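Chains, contacts and geometry: an overview
Residues per chain are reported as follows:
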Amino acid sequence: GAVVSQHPSWVICKSGTSVKIECRSLDFQATTMFWYRQFPKQSLMLMATSNEGSKATYEQGVEKDKFLINHASLTLSTLTVTSAHPEDSSFYICSAPRGGLVYNSPLHFGNGTRLTVT
Amino acid sequence: GDSVTQMEGPVTLSEEAFLTINCTYTATGYPSLFWYVQYPGEGLQLLLKATKADDKGSNKGFEATYRKETTSFHLEKGSVQVSDSAVYFCALSLQRSGNTPLVFGKGTRLSVIA
């Protein structure tokens, strides 16, 4: 079964509103979680690295004031898309490594959240 | 920077055909290499991985060999099934300390027809 739960799986919101996406590790603790964005027919682009108890690390070009990340516990990270606009419509995916270092640990993915901003 | 290039799809094959999806990488260090699969309506799942040169990852009949000399990690399967229809992502992770994210290729959509 799934070891990373992402909610909601899809959401439609109006332009200007905010949307919160949750990512939970179900049977392990995740000090780090990664948030990706996937455009149609394109690769997953890393948006930010979420660190439990500290500020997230954002990739170049990602607006941290627009994509708020909170990693309040060892099993939960949230991504809030603030003042959403149609161009924010995309597929957002979270992932978390079970264990220490990603290169040697299974990286588990949530099922993704399809965001549509009208 | 670090990057992964994989063949563009979509790839359409008949059942029991041989599959190859090419993947090459560029990395500043010594990466671990992965293939992930995304079935329709589902999240990404690890298919196989290799952490050092000449390692062969295998799972569910799929194989990929880490070729450092050609910086490649091509995915192969001898006889595909309809249930293999999915999007396949090649990815790398550099062996640094701390949690480093994966760098993904663009994905290759495979459709297997009966």
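Here goes a summary of the coordinates provided. Fair warning: this is a prediction, and the values are worked out from it, not measured in the lab.

A few words now on the state of the cysteines. Summed over the entire model, instances satisfying the criterion amount to 2 disulfides over all chains. Here cysteine 23 of chain B engages in a disulfide with cysteine 90 of chain B; their sulfurs sit 1.9 Å apart. Between cysteine 23 of chain B and cysteine 90 of chain B, the disulfide has an S-S torsion of -70° and is therefore left-handed. Of this pair, cysteine 23 of chain B sits in strand β4 (residues 23-26) while cysteine 90 of chain B sits in strand β10 (residues 86-94), placing them 67 residues apart in sequence. With respect to burial, cysteine 23 of chain B and cysteine 90 of chain B carry one shared label: buried. Considering cysteine sulfurs only, cysteine 94 of chain A is the nearest to cysteine 13 of chain A, which forms no disulfide, with 18 Å between them.

Another aspect to go through is the packing of aromatic side chains. Scanning all chains against the criterion turns up 11 aromatic pairs over all chains. Between tyrosine 36 of chain A and phenylalanine 104 of chain B, the aromatic rings sit 5.4 Å apart at their centres with planes inclined by 85°, giving edge-to-face as the arrangement. Here phenylalanine 104 of chain B lies in strand β11 (residues 103-104) and tyrosine 36 of chain A lies in strand β4 (residues 32-38), a pairing that spans two chains. Comparing tyrosine 36 of chain A with phenylalanine 104 of chain B, the two get one shared label, buried. Taken together, the aromatic side chains of Tyr36 and Phe109 of chain A together with Phe34, Tyr36, Phe89 and Phe104 of chain B make up a single cluster linked through ring pairs. The ring of tyrosine 30 of chain B is capped by lysine 68 of chain B, whose NZ or CZ atom sits 4.7 Å from the centre of that ring.

Calculation rules
- Residues numbered from 1 in each chain as written.
- Chains lettered and ligands numbered in written order.
- Predicted model: local features only at pLDDT ≥ 70, side-chain atom pairs only at ≥ 80, totals over all residues.
- Heavy atoms only, no water.
- Disulfide = S-S within 2.5 Å.
- Helix = DSSP H or I, 4+ residues; strand = E, 2+ residues; numbered from the N terminus.
- Buried < 20%, exposed > 50% of the residue type's maximum accessible area, 1.4 Å probe, protein only.
- Phe/Tyr/Trp six-rings, centres within 6.5 Å; stacked < 30°, edge-to-face > 60°.
- Lys NZ or Arg CZ within 6 Å of the ring centre and 35° of its normal.

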